[in-house]
Amino acid sequence: KSNYIPYLTLPCEVLLSNQPRKREPSFLRALLTTFGPYFLIGSFYKLIQDLLSFVNPQLLSILIQFVSNRSAPAWWGFLVAGLMFGCSIIQTLILHQHFQYVFVTGIRLRAGITGVIYRKALVITNSAKRSSTLGEIVNLMSVDAQRFTDLVNFLNMLWSAPMQIILAIYFLWQNLGPSVLAGVALMILLIPLNGAIAMKTRAFQVEQMGYKDSRIKLMSEILSGIKVLKLYAWELSFSQMIEKIRQGELQVLRKMAFLNAVSTFTWFSAPFLVSLITFAVYVSVDDKNILDAQKAFVSLSLFNILKFPLNALPQVISILTQTSVSLKRIQHFLNHEELDPQRLEMRIGFFSAHASQLTLDSWFSLLPTSLNLQVPKGSLVAIVGPVGCGKTSLISALLGEMEKLEGKVAVKGSVAYVPQQAWIQNATLQDNVLFGQPMDQKRYQGILEACALLTDLDVLPGGDQTEIGEKGINLSGGQRQRVSLARAVYSDADIFLLDDPLSAVDSHVAKHIFDHVIGPGGVLGGKTRILVTHGVSFLSQADLIIVLGDGRVSEAGSFSALLQQEGAFAEFLRNYVPDDDNFQEEDSATGISLYTNAICLRIPLSLVSYGLLSHLLLTATLESAVTPFLALQVKLSVFWAYAKAVGLCISVTVCFLYTCQSAAAIGANIWLSDWTNEPVINGTQSNTSLRLGVYAALGILQGIFVMMSSFTLAIGGIQAARTLHNNLLANKMHSPQFFYDTTPSGRILNRFSKDIYVIDEVIPPTILMLLGTFFNSASTLVVIMSSTPLFVVVILPLAGLYIFVQRFYAATSRQLKRLESVSRSPIYSHFSETVTGASVIRAYRRSQDFMAISDAKVDANQKSCYPNIISNRWLGIRVEFVGNCVVFFAALFAVIGRQSLNPGLVGLSVSYALQVTLSLNWMVRMASDLENNIVAVERVREYSETKTEAPWVIEGSRPPPDWPHQGEVEFVNYSVRYREGLELVLKNLSLRVKGGEKVGIVGRTGAGKSSMTLCLFRILEAAQGEILIDGVNIASIGLHDLRSMLTIIPQDPVLFSGTLRMNLDPFGKYSDEEMWQALELSSLHKFVGSQPQGLDFECSEGGENLSVGQRQLVCLARALLRKSRILVLDEATAAIDLETDGLIQATIRSQFEGCTVLTIAHRLNTIMDYTRVLVLDKGTIAEFDSPTNLIMARGIFYGMAKDAGLA
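Nothing here was measured: the structure is a model prediction, and the numbers come from that model. (Residues numbered from 1 in each chain as written. Predicted model: local features only at pLDDT ≥ 70, side-chain atom pairs only at ≥ 80, totals over all residues. Heavy atoms only, no water.)

> Quick one: what's the story with the packing of aromatic side chains, residue by residue and with numbers?
Under the definition given, this model contains 34 aromatic pairs. Between Phe739 and Tyr740, the aromatic rings sit 5.4 Å apart at their centres with planes inclined by 90°, giving edge-to-face as the arrangement. For Phe739, a relative accessible area of 11% translates into the label buried. Tyr740 sits in the buried class, given a relative accessible area of 1%. Judged by centre distance (5.5 Å) and plane angle (75°), the rings of Phe774 and Phe775 are edge-to-face. By relative accessible area, Phe774 is classed as partly exposed at 44%. Following the ring pairs from residue to residue traces out a cluster consisting of Phe85, Phe881, Phe888, Phe889 and Phe893. The positively charged end of Arg691 is found above the aromatic ring belonging to Trp671, 4.9 Å away from the centroid. The aromatic ring of Tyr943 is capped on one face by Arg751, whose charged end is 4.0 Å from the ring centroid. (Phe/Tyr/Trp six-rings, centres within 6.5 Å; stacked < 30°, edge-to-face > 60°. Buried < 20%, exposed > 50% of the residue type's maximum accessible area, 1.4 Å probe, protein only. Lys NZ or Arg CZ within 6 Å of the ring centre and 35° of its normal.)

Here it is in structure tokens:
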């Protein structure tokens, strides 16, 4: 057993053990041993029910004999009617016992599979993680596990269907002799046809899943990078990509619809054609063969029994093939390599890495190659080196996250780990810091103080009880990093691996943290600390400095020793630190808090303002509470809206075609009943050929109507799906940024995945089934009433009972379904959170606890699934009771009125009644399903009608093509707030920046620096005042006209999965030469040139396969391509070493020489040579002058410069 997996009793766990085995572990075998025995009890009930279903046709035969024989005693008829009723009731009870066992097995299966996938996800290697993206793993949990649940419900049909077919044929043979073989032959011929259709549909489904996956993946990336799309005015290009995928998806849906229409035709016509051929052969073979009521209607009721197994068999087989695909996928995932528990030696002594050659992955470009390293206990080791030299990889190696090729890594004691991009859980801030440890108030307060978190707690609405959104959305980059650090310190481990924790915080905070936490005098003094850093100023206090270059240790030694060696390190220091005695902090800045992994449940990074946050949290909690119960009663308007999306004309046509089809069906059966009553003359019936001809014509007509109606409905359904998706996409692309900040992206993504799926694939077939069963039940009642008018008396009470049950059930089932879906999403969000933070969880040895949390969430979900199953049983028994009453009364009134009835009519009405139970049952289910699913239309509509931002282009007022030519920016009395009802973030700003000026913007956290840049791009709209660029009021022109003329290098380097070319230029405006030139200026050409694909190098989801620094350089290259007159830099140089930073600054100085540059700075040294510096304080202008004047004025700026050692 691996150390990471608890010994659970689930045999599924066997799969995860990593003992060398001869044969591959079989997931299927594990499932069978665990869930098989319980399932078999259900199968036993199914057997009894199948046998009982053949009793009623025999009773019908006796009843028809009784009606034909006028002298038979009346009690005989009453007894038969009673027996029919009793038999039906027993059948109902046994059938639902069977369902109970089957469905419970299903939900148990799902829970087991979810648990196993969760446990596996915690131990797979990085290379395995790369072969299954997060979205795919979540899919295994949601879609593939569900497939098993669906299959279990049908699994018994594998043996039950053949058994029913054989029994039915046996009884038919007794009734009609060898002629039955003709009908059977036709059935057998139809099986391959249905099989072929199922196979083809399966192929289309796979193709369509492909389209759907890529559409959702792209959508999820768009949502996570929506702010960047808006800033660059790229929405159009991305919506076209989505539309193109959607086009393909609908194309496949249309083909599937065509196939479905054909299969519906065979489905409906098969029983009819079979009976037609059987009767035709029967009467043609021998003139003496009389088709009387008994033969005809008993045979019909047997053929009706045959209908279900014949149709179910191909379905079961297709579900089986789908599940086998899922089984393979899960098996493949469970067979992924696991992290070797022996990859790290835990031992007594010091902390060392002996000649361990560590590689990240076979194709990765950051490989620490042979490496010898020993770290004495209690020392502070700094690791430095340029971007992409393997610093993070070294830390991963020490955590045992890398594949070890040779050598060994030994670690003594427990480990705490602070990743480069903080991993924050969706929990309170306090929970994030404690991370499962018991609370020690005094220590906790001390650590918050040391990590400079106390000031932040004052600003957060709930102090340390503030709920932090997914991915830490409501914390700034620096706050996330400090929480992550506090978690490490609180864990009180022996060894601390700190991957660049200081880059995301302001310089004065960085100094505070180093002095109070990491440095020799800090909380961690005396512990073993390994610190990756870009900050030069702390190096003098490190016991040992390791300089990495291209995955090797190029130098190592103490600070003074390295300076004397005159190597690369000394050279590096001389360039960046002009006077050696002044080692004050001057590096480090805010917030590269990149999205750690682009996944399905995702919130875009928020504009961090505190007023916004408290509001945001409130809305989020309220909404999650309110959403499920908003639409208690689905409004008729939603059905109307769907009908309009389908097209009113199509809707009416479908209903008309169904009416025609029912009429044809009734016609055919009345004709048959009439035929059976035809007098027998000389042992034969006359004009059989005419009888047969009309019967055949009516039947085939019925089939054609069915096919037409199903095809028309499918076309309408696709029409609706297209309209609804297009409206949703268009609206979301035009939604203002605050919508994304206050709406969890998981909720938006859900509209695009789950709800659109329901509209595409669930609603049309549900409507088809509902109409089918409705017209079927209606025609049954018409037939029974026309043959035994007395039946009208019981129709009202039965209908009343039926409608009561239906309403009662629909309300309950809707709430239960909602509860179920509300309790389901936490499973997936917790799972994706776990996968993202797997390395942190493993480093802190919390795997067990996380498994327990996941299990608890699954249990909570089971608690709402189970009542759902029970409510279905409740419904089934009551509705079937109504159906059984219909059978009973049809038989009873036939007995009472036998003087006036002929056997043909009795046969007709009772054989119709026998099939009504199924129709009634399905009708309730379909009606409730439709009511539950139509909510999807409502949800999509709700998000298609949210408020949109200003138009992208205003035709009447477009700026001149060369605008802005000077780049002059002027704020006039400008105030802004994040949203209606919130505090102003900027108050009455008035300032003017001349064309070509370089202005630095500084201020403490929350002073409104980022807000100011967002206003330039109109991400935030003015509350009052205006902004003029070259004299044009930016509020008067279209958003795209404005945004495409400005350039920003944003704080978070967001990349989309796709080629590097697409990431630089999604509209294909620029030539390859221009792109290479931009890459050269942003010093990426060496890296891109070394890739075989060059510009077509595939960036993975969120740019994961580039280091954070490289992603930042890609953003610089984007800006260089645009070359506009105004450039905004948003703290863009936080995760970059000083050398790269120098490159960027130099590039900006040379390439944007005549442009207006606005920089939000955290490292003051970058803006000391700017024309002017703007100091913001609480949303107002505190100081605005040249850096030298401001230092002489000894105001706020002087204080900041002093902290950073520049004054």
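After that view, the rundown keeps rolling.
> Provide a residue-level description of a nonpolar patch on the surface, including the pertinent values.
Where nonpolar side chains cluster on the molecular surface, the patch consists of Phe44, Leu47, Leu51 and Trp159 and spans about 370 Å² of accessible area. Residue contributions to the nonpolar patch peak at 3 residues, all from helix 1 (residues 27–52). Examined against the element boundaries, Leu47 turns out to sit in helix 1. (Patch = residues over 30% accessible without salt bridge, like charges linked within 9 Å, V, L, I, M, F, W, Y side chains within 5 Å. Areas by Shrake-Rupley, 256 points an atom, 1.4 Å probe, with all protein chains shown as cover. Salt bridge = Lys/Arg side-chain N within 4 Å of Asp/Glu carboxyl O. Helix = DSSP H or I, 4+ residues; strand = E, 2+ residues; numbered from the N terminus.)

> Lay out the pattern of salt bridges in plain terms, naming residues and giving numbers.
A full pass over the atoms with the stated rule returns 34 salt bridges. Lys120 is the salt-bridge partner of Glu338, the closest N and O atoms lying 2.8 Å from each other. Here Glu338, found in the loop between helix 10 (293–334) and strand 1 (345–346), pairs with Lys120, found in helix 3 (residues 74–121); they are 218 residues apart in sequence, far enough to count as distant. You'll find Glu338 and Lys120 in the same group, each marked buried. Residues joined in a network through salt bridges with shared partners are Arg215, Arg246, Glu249 and Asp760.

> Account for unusual backbone geometry, with residues named and values stated.
Between Trp963 and the following residue, Pro964, the backbone shows a cis peptide bond with an omega angle of -15°. With respect to the secondary-structure elements, Pro964 resides in the loop between helix 29 (935–944) and strand 11 (969–977). Positive phi, normally seen in glycine, also occurs at Ser1083, with a value near 45°. When you line up the elements, Ser1083 lands in the loop between helix 33 (1072–1081) and helix 34 (1085–1090). We classify Ser1083 as partly exposed; its relative accessible area is 28%.

> Describe helix 29, with residues and values.
With 7 of 10 residues buried, helix 29 is to be regarded as a mostly interior element. Within helix 29 the residues assigned to the buried category are Val935, Ala936, Val937, Glu938, Val940, Tyr943 and Ser944. Looking at the buried side of helix 29, the elements it contacts are helix 20 (636–646), helix 22 (688–734), helix 23 (737–742), helix 24 (745–787), helix 25 (792–836) and helix 28 (903–933). (Contact = heavy atoms within 4.5 Å.)

> Tell me about empty space enclosed by the protein, and please be specific about residues and values.
Under the criterion given, the structure shown has 8 cavities of 30 Å³ or more. Volume-wise, the largest cavity comes out at about 440 Å³. In terms of lining residues, the largest cavity is bounded by 24 residues, among which Asn304, Lys307, Asn669, Gln702 and Gln915 are the most central. Among the elements of the structure, helix 9 (235–285), helix 10, helix 21 (648–676), helix 22, helix 24 and helix 28 are those that each provide at least two residues to the lining of the largest cavity. Across the lining of the largest cavity, the residue classes break down as 12 nonpolar, 11 polar and 1 charged. (1 Å grid on protein atoms, 1.4 Å probe; cavity = no way out; pocket = protein on both sides within 12 Å on 5 of 7 lines; lining within 4 Å. Points joined across faces, edges and corners; volume = space filled by probe spheres on them. Nonpolar A, V, L, I, M, F, W, Y, C, P; charged D, E, K, R; others polar.)

Without other data, these values stay purely geometric and don't point to any function.
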